[in-house]
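Single-letter residue listing:
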Amino acid sequence: MSRRRVAVTGLGVLAACGVGREDFWAGLLSEAPRGLRAVVGFDPTPHFANAKELRRHDRFTQFALACASEALEEAGDLNPDPDRAGVWIGTGVGGLMSTETHVLWHFVKGPKRVTPFLIPMMMANAAAAAVSMRHGYQGPCEVTSTACASSTQSIGNAAELIRHGRCDVMLAGGSECSSSPTGLQGFANMTALSRTGISRPFDRERDGFLHAEGCGVLVLEELDYARARGAAVLAEITGYASTADAYHITAPSPGGAGAVSCMERAVADAGLEPSDVVHINAHGTSTPLNDANEAEAIVKVFGTPGPLVTSTKGVTGHALGAAGAVEAVAVIMAMQHGVLPPTAGYENPDPDMAPIRIVAPDPCAWAPGPSLSNSFGFGGHNACLVISPPPAD
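Everything quoted here is computed from the prediction, not taken from an experiment. (Residues numbered from 1 in each chain as written. Predicted model: local features only at pLDDT ≥ 70, side-chain atom pairs only at ≥ 80, totals over all residues. Heavy atoms only, no water.)

Draft legend 1. Region of interest: the overall build of the protein chain. What the protein chain contains, in helices and strands, is 13 helices and 14 strands. What you see for the protein chain is a C-alpha radius of gyration of 20 Å, in line with the 21 Å of a compact globule of 393 residues. In terms of its C-alpha atoms, the protein chain occupies a principal-axis envelope of roughly 60 × 50 × 40 Å. Residues classed as buried in the protein chain amount to 59% of the 393 residues present. When contacts within the protein chain are restricted to residue pairs at least 6 apart in sequence, long-range pairs at least 24 apart make up 81% of them. Summed over its atoms, the accessible surface of the protein chain is roughly 15100 Å², and 55% of this surface lies on carbon and sulfur atoms. Positive and negative side-chain charges in the protein chain, numbering 27 and 39 respectively, have mean positions lying 7 Å apart. (Helix = DSSP H or I, 4+ residues; strand = E, 2+ residues; numbered from the N terminus. Rg over C-alpha atoms; globule rule 2.2 N^0.38 Å. Buried < 20%, exposed > 50% of the residue type's maximum accessible area, 1.4 Å probe, protein only. Contact = heavy atoms within 4.5 Å. Areas by Shrake-Rupley, 256 points an atom, 1.4 Å probe, with all protein chains shown as cover. Lys, Arg positive; Asp, Glu negative; His and termini not counted. Charge placed at Lys NZ, Arg CZ, Asp CG, Glu CD.)

Set out below in structure tokens:
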């Protein structure tokens, strides 16, 4: 069955390394900070009518509204049929900050201190709903919550709605702000966080990830629709796949079996051969098991030397459910600039790891081509996007 093509025409992003596209890109090419990767310098007030409205939205929803606005501004005058425009924004935990704050207030200050807006602040679909209402998009409005695979699956699912004719326009991505004291302690107690405060994807000394905030939103359009309105096409979503390890709640399956299947399916979905893929933005969290399994899976699918590989989490940290969207933006901006950001923190090759071509310590000039963006989440969720340069035809 023939299917429609999916163009990317707008990007919105904020992360620990920068708020907005240009600062984000500059941050990817700069030295990585240490410790918790919070988003600093973000001012939500321009996106709300007043302080009262602002207080009714959790920070992860504020992020999504800001990024959607930036992406739509770049995309230009869309003016879609509201019924054929939708929103799909993923998150791992939703409004955890609001949940924890009001639980504390409930038991310390009394039940009346719990805001009546707590439920719409904490619910995982809050960001997608807020973006839909802000822009009047009346088509599908959904959320995927599959841990660290959430936003990659959200972009893939949104692309499918365009491919198969349900929508012409989708706002898709993910948002996460889960750095509450209890949330952080939960990750620390399961020994997932770096004890040194350094993210070292694929490095021999890697000892865990750095918890981060972040958000990324892409404007997706049917290619002919975008061309008809004279939009500048930034990239094309050419392939997508989702699989499950069906193995363990936190550990990846041995040998990266689920990741292998997901990458193979995504490449096939794009109508490509593994040899056509020139770059992989790896999940690369800086945890011992994840990085070793992902490297093994990459070699199994692509052989050696294989594509150029980078993990932008060396700079951004791990934004959980938003990571895939932030990384999709990184891939597209790398295409725009003709430069691959380095894997910050990578210094010492791991002799026990399958050999992959890691971009480090410096940025790398490249001829943009089909690229894979990987996301693998707790629960065994795997998601892969194939992102290609703007089509010439």
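The rest of the description comes next.
Draft legend 2. Fine view of helix H11 (residues 288–302). A rise of 1.5 Å per residue sets the reference length of H11, with its 15 residues, at 21 Å; its end C-alpha atoms lie 21 Å apart and thus fit the reference within 8%. Of all the positions in H11, only Asn 290, Asp 291, Asn 293, Glu 294, Ala 295, Ala 297, Ile 298, Val 301 and Phe 302 are classed as buried. The secondary structure elements touched by the buried residues of H11 are helix H10 (257–269), strand E8 (279–281), strand E9 (308–310) and strand E13 (371–377). Residue Gly 303 follows H11 closely and has a positive phi angle near 70°. (Expected span 1.5 Å × (residues − 1).)

Draft legend 3. The arrangement of the nonpolar core in detail. Counting 42 residues, the largest nonpolar core has Phe 24, Ile 155, Leu 218, Leu 220, Ile 237 and Ile 387 as the members making the most contacts within it. For this core, the secondary structure elements donating two or more residues are strand E1 (6–15), helix H1 (21–28), helix H7 (150–163), strand E5 (169–176), strand E6 (214–222), strand E7 (235–244), helix H13 (323–337) and strand E14 (381–388). Top contributing element to this core by residue count: H13, with 10 residues. Residue contacts for Leu 220: discarding those within four places in its chain leaves Val 6, Ala 7, Val 8, Ile 155, Ala 158, Ala 159, Ile 162, Asp 168, Val 169, Met 170, Ala 172 and Ile 237. Ala 64, Leu 65, Val 131 and Cys 177 belong to the second-largest nonpolar core, a separate cluster that totals 31 residues. (Core = buried A, V, L, I, M, F, W, Y, C linked by side-chain atoms within 4.5 Å.)

Draft legend 4. Structural detail: a nonpolar patch on the surface. Judged by side-chain polarity, Val 103, Leu 104, Phe 107 and Val 108 come together as a nonpolar surface patch covering roughly 440 Å² of accessible area. With respect to the helices, strands and loops of the structure, Leu 104 is situated in helix H4 (residues 96–108). (Patch = residues over 30% accessible without salt bridge, like charges linked within 9 Å, V, L, I, M, F, W, Y side chains within 5 Å. Salt bridge = Lys/Arg side-chain N within 4 Å of Asp/Glu carboxyl O.)

Treat this as a map of the structure, not an account of what it does.
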